[in-house]
Amino acid sequence: MRQIAGELFTKRRLYLVCFMALGLIEFLRATQAGNVWKAAANCTGLVMMALIFSAVPLKELTDRFNVIYVLLCAAAMITVHFYWLSHRGEILWGQAQTAVLNICWMGIALRYFFRKVIAEKKISLRPGLTGWLWIALSVSMIASVSERWWPLWFFLMFGCFYLTEFSGEDREALWDGMIDGTILAFFAVQIYAYGFRPYDELRYKGAFSNSNMMALYYLIVYLMCLFRLHLLEMKKEGWGWKSFFLLGAGGMLSFQLFTMCRTAWIASFVVTVLYGIFVMRGIWRMRWRGILCRGCALVLAAAVTFLPVYGTIRWLPTILHHPVWYEGEYAVDKVHSFDPPTSEKYVKLEDFMDALFGRILRTLDIVQRGGPFVLRVHAAEDMDKMERVELVEASWTEDTALRIRLTIYKAYWDNLNWFGHGLSEGYFIIGDEDYFSRHAQNLWLQMAYTHGIPAGILSVALSIVLLYAQGRNMMRRKDNPYAVIPFFVCVVFMVFGLMEIVWNPGQLIMFLVFFVQHPQIMEQQKK
């Protein structure tokens, strides 16, 4: 019986489940109301607890002090519950409980690592340039007036993770768990979308409530397919699984097309080009003709999967015919359960193609179209309390969406300061109509606005150093099949972050960009 349990509950399976859980957290973060998604985002810490404690001898964590500490945390959870009962609306129930759980496990972990680093000196502390930049950035963010707790949470949580020592076998299991868990979570998310999310808007939202975030999710899965293709190539596997993941990569490109997210298109293009240059040419030593043929195969895979993707998102939701709407989504012109499968409310392929080519042409500044391209958001807040900014005049483009984005950049740039801004700041109404922005539409500008100019400068410096260090390490250790992962995760994070949100706790890409920086990866590549 013990042998069966040992085979079932392996670290490899644990890591797989952990990354599937992160996919669920991403789904809840992108779809649910605040009382749900905030609790889900906090559960990122519980996933990290499982990853860290899987590499720590549990007998060292079960001393008398920790037992008393856990009992005190349990009492705190009970206290929080009764406080919530008498002060409903002041705190969110799930968020408060999961926060206590994070405090509980991090207290145990911090005590363990303090003993190992300071008292016993069994773990050395050598942050390096990237580490010191991250520490400085974290301190700057914590010291700002942003009123946000996640910088401190991530600093303590990932600080413990970076001090955790994994064996070589465990490191491989972590990488495989990341790739396979993310792909399996995609199947669960997309099956849900096939069951309950009809395609009744030109920009496909899938299982999420926002087409851009759905596109980012497809982009992450696309990246995982490329990683799996690389591992198969390095292990000299046959064409069976390679064809499967090549077709999967093409399918992710097709899904991205239906979201009509230009940022995801650009990021996919950049990732694919860099993959051809650094992986196929630099590591596989493939000739340019072969790389071109593989590229054509990928384009063919996207073309082959295009119509099946449309067919599935259009017709599979009509089987159960029970649409699920998220907060603020209900509208008369959306598909209802009483609408027939042939309803005009569903998006037709020809309408999508017209909109797709219109969006591409607008990107090239050839035509001016309306419809789904304008960044319209119906605000729940009182717009009278927001600052109104004039739409930027740009003689070189007639693209309204682009002008709105430029106006957003200017509004946040003009309001930069040294100490950052609080939670109630950073909302702007754009132009004379009811367009408003909740964020800066750019990773580094948002960092500077929220946490102050010093944090913005440090975030730019850290981004440059990370890309250089991970790219160098990738090419230095070409025989390590997992060495490409940190570099490409950073590329996706930064390219998508140029124009969209990537900085919210609970987002999968934000977790991944911290996860892949574990210093043992660097050491392994230098050997």
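Here is what the cut-offs are and how they apply
Residue indices follow the written sequence of each chain, beginning from 1 at its first position. pLDDT decides what is reported in this predicted model: residues at 70 or higher carry local features, side-chain atom pairs at 80 or more are listed and counted, and totals for whole chains, interfaces and linings draw on all residues regardless. Remark: hydrogens and water are excluded; side-chain values derive from all non-hydrogen atoms of the structure. Strands here mean DSSP runs of E at least two residues long; helices mean DSSP runs of H or I at least four residues long; both are numbered from the N terminus. The buried label applies to any residue whose accessible area, calculated with a 1.4 Å probe on protein chains only, is under 20% of its type's maximum; exposed applies above 50%, and partly exposed to all values in between. For this analysis, residues touch if any pair of their heavy atoms sits within 4.5 Å. Where accessible areas are quoted, they stem from the Shrake-Rupley method and a 1.4 Å probe; at the residue level, only the protein chains shown are allowed to cover. Classification of ring pairs uses Phe, Tyr and Trp, with its six-membered ring standing for Trp, and accepts pairs whose centres are within 6.5 Å; under 30 degrees between planes counts as stacked, over 60 as edge-to-face, and the remaining range as tilted. Here the axes come from fitting lines to C-alpha atoms, over the contacting stretch only for helices, and the angles between their N-to-C directions go from 0 to 180 degrees. Roughly parallel here means an angle under 35 degrees, roughly antiparallel means over 145, roughly perpendicular means 65 to 115, and every remaining angle is called oblique. Take the far helix as the reference: if the near one is turned anticlockwise from it by less than a right angle, the crossing is left-handed, and if turned clockwise, right-handed. Salt bridge, as applied in this entry: a Lys or Arg side-chain nitrogen positioned within 4 Å of an Asp or Glu carboxyl oxygen. Strand pairing requires that DSSP identify at least two bridges connecting the strands. The span you would expect from a helix comes to 1.5 Å times its residue count less one. Three categories are distinguished: nonpolar for Ala, Val, Leu, Ile, Met, Phe, Trp, Tyr, Cys and Pro, charged for Asp, Glu, Lys and Arg, and polar for the others, with Gly belonging to the last. In plain words, nonpolar cores are sets of buried Ala, Val, Leu, Ile, Met, Phe, Trp, Tyr and Cys residues tied together by side-chain atoms within 4.5 Å. Cavities and pockets were defined on a 1 Å grid built from protein atoms only: a cavity is a group of points that admits a 1.4 Å probe but offers it no way out, a pocket is an open group of points flanked by protein on both sides within 12 Å along at least five of seven lines, and a lining residue is one with an atom within 4 Å of any such point. Grid points are joined across faces, edges and corners, and a volume is the space filled by probe spheres set on the points. What pLDDT expresses is the predictor's confidence in each residue, scored from 0 to 100. Here a patch means residues that are over 30% exposed by relative accessible area and free of salt bridges, tied together within 9 Å if like-charged and within 5 Å if nonpolar (Val, Leu, Ile, Met, Phe, Trp, Tyr). Pairing of N or O atoms within 3.5 Å defines a polar contact, subject to two protein rules: one partner must be a possible hydrogen donor and the other a possible acceptor, and residues neighboring in sequence count only if both atoms are side-chain atoms.

Student: For this particular structure, what's the right way to read the overall build of the protein chain?
Tutor: Summing up its helical and strand segments, the protein chain has 20 helices and three strands in all. By the burial criterion, 52% of the 527 residues in the protein chain qualify as buried. Long-range pairs, those at least 24 residues apart, make up 76% of the contacts in the protein chain with a sequence separation of at least 6. Surface summary for the protein chain: the accessible area is close to 25400 Å², and the carbon and sulfur share equals 66%.

Student: How should I be thinking about the packing of aromatic side chains in this particular structure?
Tutor: Aromatic ring pairs are defined here through the distance separating the ring centres and the angle between the ring planes. A complete count under the given rule lists 43 aromatic pairs for this structure. Residues F258 and F352 carry aromatic rings whose centres are separated by 4.3 Å and whose planes lie at 20° to one another, so their mutual orientation is stacked. Of this pair, F258 sits in helix α10 (residues 239-259) while F352 sits in helix α14 (residues 349-363), placing them 94 residues apart in sequence. We classify F258 as buried; its relative accessible area is 0%.

Student: How do you make sense of the packing of helix α3 (residues 34-53) against helix α7 (residues 150-163) when you look at a structure like this?
Tutor: Axes are the key here: two packed helices are described by the angle between their axes and the distance separating the axes. Where α3 contacts α7, the two axes come as close as 10 Å, and the packing angle between them is 15°. What the angle tells us is that α3 and α7 run roughly parallel. Seen along the crossing, α3 lies across α7 with a hand that is left-handed. Packed against α3, whose contacting residues are A41, N42, T44, G45, M48 and I52, the element α7 presents W153, M157, F158, C160 and F161 at the interface.

Student: Whenever I open this one, the pattern of salt bridges confuses me. Can you help?
Tutor: Close approach of charged atoms allows side chains of opposite charge to pair. A full pass over the atoms with the stated rule returns 21 salt bridges. For D339, the salt bridge identified is with K345, shortest N-O distance 3.1 Å. Salt bridges sharing common partners tie together R197, D200, E201, K205, E329 and K334.

Student: What should I look at first to understand the side chain of T44 in this one?
Tutor: As for its position among the elements, T44 is in helix α3. T44 sits in the buried class, given a relative accessible area of 3%. Leaving out residues up to four positions away in the same chain, T44 has contacts with L22, I25, W153, M157, G506 and F511.

Student: It is not clear to me how the sheet that holds strand β1 (residues 387-389) should be interpreted in this structure. Could you clarify?
Tutor: Sheet strands line up and pair through hydrogen bonds in the backbone, either parallel or antiparallel. The mixed open sheet is built from three strands, whose spatial order is β1-β2-β3. Bordering the open sheet on either side are β1 and β3 (435-437), each of which pairs with just one other strand. The mean angle between the axes of side-by-side strands here comes to 35°, regardless of whether they run parallel or antiparallel. Relative to β3, strand β2 (residues 428-430) runs antiparallel, the two sharing three bridges. What sits directly across from I430, in β3, is Y435.

Student: Hey, could you run me through helix α5 (residues 93-119) in this one?
Tutor: What sets the pattern is the α-helix's 3.6 residues per turn: residues three or four places apart point alike. The end-to-end C-alpha distance of α5 is 38 Å, a good match for the 39 Å that 27 residues give at a rise of 1.5 Å each. K121, located one to two residues past α5, shows a positive phi value of around 55°.

Student: Mind showing me how you'd approach the packing of helix α17 (residues 453-476) against helix α18 (residues 485-497) here?
Tutor: Close contact between α17 and α18 brings their axes to 8 Å; oriented N to C, the two are set at 150°. Regarding the angle of α17 to α18, the classification is roughly antiparallel. As α17 packs across α18, the resulting crossing turns out to be left-handed. In this structure, α17 contributes S463, L466, L467, Q470, G471 and M474 to the contact, and α18 contributes P486, F487, F488, C490, V491 and M494. When grouped by side-chain class, the residues that make up the contact of α17 with α18 number nine nonpolar, three polar and no charged.

Student: What am I meant to see in the nonpolar core here?
Tutor: Grouped burial of nonpolar side chains is what soluble globular proteins tend to show. One finds F158, M178, F227, I485, F488 and F515 to be the most contacted residues of the largest nonpolar core, which totals 139 residues. Take this core: its biggest share by element is 18 residues, from helix α9 (residues 211-234). Formed by eleven residues, the second largest nonpolar core is a distinct cluster that contains I404, I408, Y412 and Y449.

Student: Mind showing me how you'd approach the environment of V100 here?
Tutor: The residue V100 is located in helix α5 in this model. When the C-alpha positions of V100 and N42 are compared, they lie 9.7 Å apart, and in sequence the two are 58 residues distant. When neighbours within four sequence positions are excluded, V100 is seen to be in contact with C73, A76, M77 and V80.

Student: Whenever I open this one, empty space enclosed by the protein confuses me. Can you help?
Tutor: To find leftover empty space, one rolls a probe the size of a water molecule over the atoms. Counted according to the given criterion, the structure contains four cavities of 30 Å³ or more. Approximately 120 Å³ is the volume found for the largest cavity. Looking at the largest cavity, it is lined by 14 residues, and the ones nearest its centre are R197, P198, D200, K205 and K334. Here the residues of the lining of the largest cavity sort into six nonpolar, one polar and seven charged.

Student: How should I be thinking about the confidence of the model for the protein chain in this particular structure?
Tutor: Parts of the model with low pLDDT should not have their predicted coordinates read in detail. Averaged over every residue, the pLDDT of the protein chain is 85; residues scoring 70 or more account for 89%. Ignoring residues within four places in sequence, the model shows residues 366-381, a span with pLDDT below 50, making 38 contacts including any to other chains.

Student: Help me understand a nonpolar patch on the surface in this model?
Tutor: Together, M20, L184, F187, I191, W241 and F244 make up a nonpolar patch on the protein surface, roughly 620 Å² of accessible area in all. Counting residues per element, the ones that place at least two in the nonpolar patch are α8 (168-196) and α10. As for its position among the elements, L184 is in helix α8.

Student: Would you take a moment to explain unusual backbone geometry for this structure?
Tutor: What is expected of a backbone is that most residues other than glycine have negative phi and most peptide bonds are trans. Within the chain, H321 stands out as a residue other than glycine whose phi angle is a positive 55°. Checked against the element boundaries, H321 lands in the loop between α13 (317-320) and α14. Despite not being glycine, Q441 shows a phi value in the positive range, around 60°. Here Q441 lies in the loop between β3 and α16 (443-451).

Student: It is not clear to me how the environment of T62 should be interpreted in this structure. Could you clarify?
Tutor: By secondary structure assignment, the location of T62 is in the loop between α3 and α4 (64-86). Owing to a relative accessible area of 54%, T62 belongs among the exposed residues under this scheme. Distance in space between the C-alpha atoms of T62 and I108 is 9.4 Å, their sequence separation being 46 residues. Engagement of the side chain of T62 in a polar contact is seen with the backbone oxygen of K59, the distance being 3.3 Å.

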